Amino acid sequence: MGFRVLVAAAALPFAGPFLYLIIRAAEGDAAWEHALRERTLGPLWRTLILGSSVAVAAAALGTAVAWLVARTDLPGRRIWAVLLALPLVIPSFIGAFALIAAFSRGGLLERVTGIGGLRSVSGFWGAFGVLVLLTYPYVYLPVAARLRALPPSMEESARLLGRGAFGTFRTVVLPQAWTAVLAGALLVFLYTISEFGLVQLLRYDTLTRAIYANRVIDPPVSITMSLILGALAIAVVALERRLARRRPGPPRREGRALVVPLGRWRAGALGLVGGVVGLALVAPVGVLAYWALRGLGEGASRSGALVTNPSELVEPAINTSIASLLAAACAVAVVLPVAYFTARGRGRAGGVANAVVVGGFALPGLVIALALVFWTLGAPEPLASLYQTLPLLVGAYVLHFGALALGTAQVAVAGIPPALEDAARVLGRGRLRRLVQIELPLMAPGLAAGAGLVLLSAMKELPATLLLAPAGFPTLATRIWSSAEDAFWADASLAALALVAVSGVLTWLLLIRRGRAVA
């Protein structure tokens, strides 16, 4: 009973944004009538198409590259393991900006190739391509961790029975890693349907773009669309939980994972991972470097320009790191009880808590921020004084990105062998001692991966930061956006490169350095 209360207390704050939407919808006149109008159904359909297609493509791509770096003799796989995770640090709106800057008239490709009239990439295919390349790490990271933990005995038996590498992967490895694949694909889907900056720049009308467009001129429509996003997220999570109950439990770890020789497929495998890194990391960074170097070379006459005084990026970089690290630590601590309760399948209460936590990831950061403003300013002191403070900003990050830590934490909890807990219980170890001495050390890599995902997402979060950050607390994301709004592309690119650099260092410390078992 006490553990159920702890789970409910952990999940309750995540329901705040949904309660805000319900209250605001109830204040309007016939708000739900807007849900059946063409102006809502059209963006909803485009949101579903984009979210589903990106999730499927990212799941396939992330699983493929995870298997290559975790279970094969791919040359340089330690380096590839780092590089394949780095596209996660690039904000999607920066990826969209890089795509536009490369393909637009007078853009980088036209300047390099000398071929004029290159067509600008926008709409569905532009959004699809950028999102797949920037979100596949949500699948790659948990799947790679899962593959490294699988026992080799079943694969060795399949190979002895005459199955090839692909047949063994399809019939033995993939069914055991399906938990991590589905968890990652779910995060990609929820990330896609809540994305705003990219679809705004590439002019693809999804629900988030419609929410932003109607937030002032027609608030009831904006609130209704936000509720639809939340309900869609909860429905997806409920479906995932239903499928999860039909999957077998985690296998027993038996030793070092099997390494599959690639043989004649080695060149193709190198081409795949090299192409992914080139398109997802090198190309956008190259576009940013072009604009940044051009700005540094030409300089700027206006005061406060980053290209004339790059040291002004130090404070935003420090602020970004502090807020994001706090958010990562708090998110793991908050969602761990929910992850433990749901991974052990303890009733419907855990499923409800899971749906509420994951549902927050589908809501746009703008809605999360508005909900916190609504609850804090309408609350008595001392809660009202939290407005535009660092704790409230960190809280917004936790509510919005807690699902990222929850998915990996559930996989980590599910990977604890029940025999170890039973043995510790027989030896008289209490719940707290079992958690500290046995479970947390085993879950540490998965929890670190979840913390890393939260950290990287918080570093590039924009709407919540703009609304909730304390006065005089600039971050790299806000500097990028303000420079881009003023059309200072060189400053925006320089700040974006700084964000990639800081995120890359933190990615190494939290996601890669803890996972040296790739070798």
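If you're wondering where the values come from, they're calculated on a predicted model, not measured in any experiment.

A. Structural context of the overall build of the protein. Secondary structure assignment for the protein yields 23 helices and zero strands. Relative to all contacts within the protein whose residues are 6 or more apart in sequence, the contacts with residues 24 or more apart total 81%.

B. Expanded view of the confidence of the model for the protein. Taken residue by residue, the protein gives an average pLDDT of 78. The fraction at 70 or more is 76%. A low-confidence stretch, residues 515-519 (pLDDT under 50), is modelled with 11 contacts involving residues beyond four sequence positions or located in other chains.

C. Spotlight on a nonpolar patch on the surface. There is a patch of nonpolar side chains on the surface, built from Leu-19, Ile-22, Ile-23, Phe-374 and Trp-375 and spanning about 420 Å² of accessible area. Broken down by element, the nonpolar patch gets its largest block of residues, three residues, from helix α2 (residues 16-27). Among the secondary structure elements, Leu-19 is positioned in helix α2. By relative accessible area, Leu-19 is classed as partly exposed at 42%.

D. Seen up close, the packing of helix α4 (residues 77-85) against helix α14 (residues 266-298). Between α4 and α14, the least distance of the axes is 9 Å, while the angle of their chain directions is 35°. Remark: the crossing between α4 and α14 carries left-handed chirality. Taking contact as the criterion, the partners of Trp-80, Leu-83 and Leu-84 in α4 are, on α14, Leu-270, Val-273, Gly-274, Val-276, Val-277 and Leu-281. By residue class, the composition of the contact of α4 with α14 is eight nonpolar, one polar and no charged.

E. Fine view of the pattern of salt bridges. Tallying each qualifying case throughout the model produces two salt bridges. Among the ionic pairs, Arg-266 bridges to Asp-73, the shortest N-O distance being 2.7 Å. You can see Arg-266 sitting in helix α14 and its partner Asp-73 sitting in the loop between α3 (38-71) and α4, a full 193 residues away along the chain. With a closest N to O distance of 2.6 Å, Asp-205 and Arg-209 form a salt bridge.

F. Molecular detail of the packing of aromatic side chains. Scanning all chains against the criterion turns up eight aromatic pairs. Ring geometry for Tyr-290 against Trp-291: centres 5.7 Å apart, planes inclined by 75°, an arrangement best described as edge-to-face. Residue Tyr-290 is classed as partly exposed on the basis of its relative accessible area of 25%. An aromatic cluster is built from Phe-124, Trp-125, Phe-128 and Tyr-204, whose rings are joined through pairwise contacts.

G. Inspection of empty space enclosed by the protein at higher detail. Throughout the structure, instances matching the rule amount to two cavities of 30 Å³ or more. The computed volume of the second largest cavity comes to approximately 30 Å³. Sorting the residues of the lining of the second largest cavity by element identifies α15 (314-343) and α20 (431-459) as the ones contributing at least two each. By residue number, the principal contributor to the lining of the second largest cavity is α15, which donates three residues. Across the lining of the second largest cavity, the residue classes break down as four nonpolar, four polar and no charged.

H. Quick look at the nonpolar core. Membership of the largest hydrophobic core comes to 160 residues, with the highest contact counts inside it found for Leu-50, Leu-84, Tyr-136, Tyr-140 and Leu-190. Of all the elements, helix α18 (residues 390-414) adds the most residues to this core, at 15 residues. When sequence neighbours within four positions are dropped, the list of residues in contact with Tyr-140 reads Gly-62, Val-65, Ala-66, Val-69, Trp-80, Ala-81, Leu-84 and Ala-85.

I. Region of interest: the environment of Gln-176. Structurally, the position occupied by Gln-176 is in helix α10 (residues 165-194). For the pair formed by Gln-176 and Arg-146, sequence separation is 30 residues and the distance between their alpha carbons is 8.6 Å.

J. A look at unusual backbone geometry. In the Ramachandran plot, Arg-203 falls in the positive-phi region, its phi being about 60° despite a non-glycine side chain. Along the chain, Arg-203 falls in the loop between α11 (197-201) and α12 (207-217). Here Arg-203 falls in the exposed class, since its relative accessible area comes to 52%. We note that Gln-388 has phi near 55°; this positive angle belongs to a residue other than glycine. Using a relative accessible area of 33% as the deciding quantity, one classes Gln-388 as partly exposed.

Procedures and definitions
Within every chain, residues take consecutive numbers counted from 1 along the sequence as written. Selection of residues for local features in this predicted model requires a pLDDT of at least 70, selection of side-chain atom pairs for listing and counting requires 80 or more, and totals for whole chains, interfaces and linings are taken over all residues. As a convention, hydrogens and water are excluded, and side-chain values are obtained from all of the structure's heavy atoms. Secondary structure elements are taken from DSSP: a helix is a run of H or I of four residues or more, a strand is a run of E of two residues or more, and numbering for both begins at the N terminus. Working rule for contacts: check all heavy atoms of both residues, and any pair within 4.5 Å makes them a contact. Note: pLDDT gives the predictor's confidence per residue, expressed from 0 to 100. The residues that make up patches have over 30% relative accessible area and no salt bridge, and they are joined within 9 Å when like-charged or within 5 Å when they are Val, Leu, Ile, Met, Phe, Trp or Tyr. All accessible-area figures derive from a Shrake-Rupley calculation using a 1.4 Å probe, and residue coverage is judged against the displayed protein chains alone. The salt bridge definition used is simple: a Lys or Arg side-chain nitrogen within 4 Å of an Asp or Glu carboxyl oxygen. Type-normalised accessible area, obtained with a 1.4 Å probe on protein chains alone, sets the label of each residue: buried when under 20%, exposed when over 50%, and partly exposed for intermediate values. Helix axes use the C-alpha atoms of the stretch in contact, all axes being lines fitted to C-alpha atoms, and the angles between their N-to-C directions lie in the range 0 to 180 degrees. A clockwise turn of the near helix away from the far one marks a right-handed crossing, whereas an anticlockwise turn of less than a right angle marks a left-handed crossing. Gly is put with the polar residues, along with every residue not named as nonpolar or charged; the nonpolar set is Ala, Val, Leu, Ile, Met, Phe, Trp, Tyr, Cys and Pro, and the charged set is Asp, Glu, Lys and Arg. Only centres within 6.5 Å qualify two rings of Phe, Tyr or Trp (six-membered ring in Trp) as a pair; their planes then separate them into stacked at under 30 degrees, edge-to-face at over 60, and tilted for everything else. For each structure, a 1 Å grid was placed over the protein atoms alone; sets of points admitting a 1.4 Å probe that cannot get out are labelled cavities, open sets with protein on both sides within 12 Å along at least five of seven lines are labelled pockets, and lining residues have an atom within 4 Å of a point. Grid points are joined across faces, edges and corners, and a volume is the space filled by probe spheres set on the points. Think of a nonpolar core as a cluster: buried Ala, Val, Leu, Ile, Met, Phe, Trp, Tyr and Cys residues, connected wherever their side-chain atoms sit within 4.5 Å.

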